[in-house]
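What follows is each chain in one-letter form.
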Protein chains: 2
Amino acid sequence: MASSDAAEPGTVRPGGRTARVRTAVLRAAGDTLAEQGFHALDLAEVARRADVGKTTVYRRWGSVAALVADLLTDMAEQSLPRTETGSLLDDLTANADLVRRTLTDPRQGALFKAVIAAAMSDPRTAEALHRFYEVRVAEWAPCVREAVERGELPAGTDPAEVIRAVSAPLYYRFLTTEAPLDEPTATRAAHAALAAARAGAYA
Amino acid sequence: MASSDAAEPGTVRPGGRTARVRTAVLRAAGDTLAEQGFHALDLAEVARRADVGKTTVYRRWGSVAALVADLLTDMAEQSLPRTETGSLLDDLTANADLVRRTLTDPRQGALFKAVIAAAMSDPRTAEALHRFYEVRVAEWAPCVREAVERGELPAGTDPAEVIRAVSAPLYYRFLTTEAPLDEPTATRAAHAALAAARAGAYA
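Residues numbered from 1 in each chain as written. Chains lettered and ligands numbered in written order. Predicted model: local features only at pLDDT ≥ 70, side-chain atom pairs only at ≥ 80, totals over all residues. Heavy atoms only, no water.

Draft legend 1. Summary view of the overall build of chain A. The secondary structure content of chain A amounts to 9 helices and 0 strands. Moving toward the C terminus, one meets the helices and strands of chain A in the order α-α-α-α-α-α-α-α-α. For chain A, with 203 residues in total, the buried portion stands at 52%. Across chain A, contacts joining residues at least 24 apart in sequence account for 66% of those joining residues at least 6 apart. When the accessible area of chain A is evaluated, it comes to approximately 9000 Å², of which 50% is carbon and sulfur surface. Each charge class in chain A can be summarised by its mean position, and for the 24 positive and 27 negative side chains these summaries are 4 Å apart. (Helix = DSSP H or I, 4+ residues; strand = E, 2+ residues; numbered from the N terminus. Buried < 20%, exposed > 50% of the residue type's maximum accessible area, 1.4 Å probe, protein only. Contact = heavy atoms within 4.5 Å. Areas by Shrake-Rupley, 256 points an atom, 1.4 Å probe, with all protein chains shown as cover. Lys, Arg positive; Asp, Glu negative; His and termini not counted. Charge placed at Lys NZ, Arg CZ, Asp CG, Glu CD.)

Put into structure tokens, the structure is as follows:
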């Protein structure tokens, strides 16, 4: 794509050139983060890799932090809808397995490592990462809310805390050990969160 | 301290000059990490800050990754012994509160952010960080083992997994939300881990 003819955001239909530019730039940013980490991210290099004009990238994103924030917004928008099995244990297990598959996927796992690392030192990236998890937790919270309504969990159980309790041991294992994130680990995370919720730990 | 007269490692008594040099260098490395992050760490600058000769620092640590690995070894050695209350819930709550206080301490919290970020991109730092958590988990695991022996938890419960289950939600909250790591959060982490352990989730 040429360097200076991209339309301003919002001036073309979704799916048009603006959307194609964003897709290409975010893909290039994600690839760079996954392969080389946050400190290797550079707007000019992302533009080159995306085959998009530098001017477009500078005008539209302006900074590496803004680009990563937009990438995280896109990841939240693109991420999978929750499973609805009608069984809370099965829903939580599906959630745990989705987290497990994301963190063990070579590109996605490396990408998450890069954005978590970036969030440790850059407040704007931290804010964007926190919003990403808010969106994901909000997507899955209804399965807990419905279980509370069905009387399967104590009244007053905080649905978001139960969803976070499923992810927490998987991320902790990912960050602090060499141990593999395998299916039994994901299943155990779902069982543990459910047992604690039933005992009223999140009420 | 002068730059070229430090003894070789192991040639002076513990508490002598070698130990004093290590203490000063690790303190300077920790301060730099906490204030500026991993990417600001530089052996020459650490030597200057520690008032230790550059030659000594280069000879003894050789690389930034080796220096951070030694800092993590020292942090594991210096960290507090477990609490022994005789009650598993009280022990787990003390553990949760120690993790909470560490992560919310301005210097320690920033230092953990820096080493977690470094571990995301540097395998040697990751290995050192994993060893740090292994040491900490091994320090606290006996309170769970003893509770299993007293019959308070299902036979076959994995003590290390219960200890990790206490820390996991605290680290997850620290990394993925703006929410404060307060005392009720620590207490809830201990209660949730205990409830899940009682239900057999870690057996």
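Draft legend 2. View of the packing of aromatic side chains. Enumeration according to the criterion identifies 10 aromatic pairs over all chains in this entry. Between A:Tyr172 and B:Tyr171, the ring centres sit 5.4 Å apart and the planes meet at 50°, which makes this aromatic pair tilted. Here A:Tyr172 is found in helix 8 (residues 159-176), whereas its partner B:Tyr171 is found in helix 8 (residues 159-176) on a different chain. Residue A:Tyr172 shares its accessibility class with B:Tyr171, and that shared class is buried. For the ring pair B:Tyr133 and B:Tyr171, a centre distance of 5.6 Å and an interplane angle of 80° mean the geometry is edge-to-face. Of this pair, B:Tyr133 sits in helix 7 (residues 123-149) while B:Tyr171 sits in helix 8, and the two are 38 residues apart along the sequence. (Phe/Tyr/Trp six-rings, centres within 6.5 Å; stacked < 30°, edge-to-face > 60°.)

Draft legend 3. Quick peek at the domain arrangement of chain A. Residues and elements named next belong to chain A. On domain assignment, one finds that chain A holds domain 1 (4-63) and domain 2 (79-198). Using only C-alpha atoms to locate each centre, domain 1 and domain 2 end up separated by 29 Å. On the domain 1 side of the interface with domain 2, the three residues burying the most area are Leu33, Ala34 and Phe38, jointly 65% of the side's total. Across the contact surface, domain 1 and domain 2 share 1 salt bridge. Close ionic contact of Asp31 with Arg107 constitutes a salt bridge, the shortest N to O distance being 2.7 Å. Put simply, domain 1 and domain 2 have 2 residue pairs in polar contact (both at pLDDT 80 or more) between them. Counted by class, the side of domain 1 that touches domain 2 contains 3 nonpolar, 3 polar and 2 charged residues. (Domains from an automatic or database assignment. Buried area = accessible area lost by both parts, 1.4 Å probe. Salt bridge = Lys/Arg side-chain N within 4 Å of Asp/Glu carboxyl O. Polar contact = N/O pair within 3.5 Å; in protein donor to acceptor, adjacent residues only side chain to side chain. Nonpolar A, V, L, I, M, F, W, Y, C, P; charged D, E, K, R; others polar.)

Draft legend 4. Spatial organisation of the relation of the copies chain A and chain B. You can overlay chain A on chain B at an RMSD of 0.0 Å; the transform is a turn of 180° with a shift of 0.0 Å along its axis. Expressed as a symmetry operation, the mapping of one chain copy onto the other fits a two-fold axis. For chain A, the smallest separation between a C-alpha atom and the rotation axis is recorded for A:Ala117, amounting to 2.0 Å. (Least-squares fit on C-alpha atoms with pLDDT ≥ 70 in both.)

Draft legend 5. Looking closely at the interface of chain A and chain B. On the side of chain B, 27 residues touch chain A, which itself brings 27 residues to the contact. Between chain A and chain B, the buried area comes to about 2800 Å², and carbon and sulfur atoms account for 70% of it. Its largest share of buried area at the contact with chain B, chain A owes to A:Met120, A:Tyr172 and A:Leu175, together 26% of the area lost on that side. The interface formed by chain A and chain B includes 4 salt bridges. Our count for the chain A to chain B interface comes out at 7 residue pairs in polar contact (both at pLDDT 80 or more). Put simply, the parts of the chain that give the side of chain A that touches chain B at least two residues each are helix 6 (106-121), helix 7 (123-149), helix 8 and helix 9 (183-198) of chain A. When its residues are assigned to classes, the side of chain A that touches chain B shows 15 nonpolar, 5 polar and 7 charged.

Draft legend 6. Looking closely at the pattern of salt bridges. Residues and elements named next belong to chain A. Counted by the stated rule, this structure contains 32 salt bridges over all chains. In this structure, the salt-bridge partner of Arg49 is Glu35, at a minimum N-O distance of 2.8 Å. Of this pair, Arg49 sits in helix 2 (residues 43-50) while Glu35 sits in helix 1 (residues 17-36), and the two are 14 residues apart along the sequence. Judged by its relative accessible area of 31%, Arg49 is partly exposed. Put simply, Arg48 and Glu45 hold a salt bridge, and the shortest N to O gap is 2.8 Å. Taken together, the positions of Arg48 and Glu45, both in helix 2 and 3 residues apart, correspond to about one turn of that helix. Taking the relative accessible area as the measure of exposure, Arg48 reaches 56% and is therefore exposed. The exposure class of Glu45 is partly exposed, given its relative accessible area of 31%. What emerges from the salt-bridge pattern is a single network uniting Arg22, Asp70, Asp74 and Glu77.

Draft legend 7. Structural context of helix 6 of chain A. For helix 6 of chain A, with 16 residues, the first-to-last C-alpha span of 24 Å sits near the 22 Å given by 1.5 Å per residue. Those residues of helix 6 of chain A lying buried are A:Gly109, A:Leu111, A:Phe112, A:Ala114, A:Val115, A:Ile116, A:Ala117, A:Ala118, A:Ala119 and A:Met120. (Expected span 1.5 Å × (residues − 1).)

Draft legend 8. A look at the nonpolar core. Among the nonpolar cores identified, the biggest contains 146 residues, and A:Val25, A:Leu33, A:Leu92, B:Val25, B:Leu33 and B:Leu92 are the most heavily contacted of them. Among residues more than four places away in sequence, those in contact with B:Val25 are B:Val46, B:Ala50, B:Val52, B:Val57, B:Trp61 and B:Leu67. (Core = buried A, V, L, I, M, F, W, Y, C linked by side-chain atoms within 4.5 Å.)

Draft legend 9. Focus on the side chain of A:Arg82. Turning to its location among the elements, A:Arg82 is positioned in the loop between helix 4 (64-78) and helix 5 (88-104). Among the polar contacts listed, one links the side chain of A:Arg82 to the side chain of A:Glu84, at a separation of 3.4 Å.

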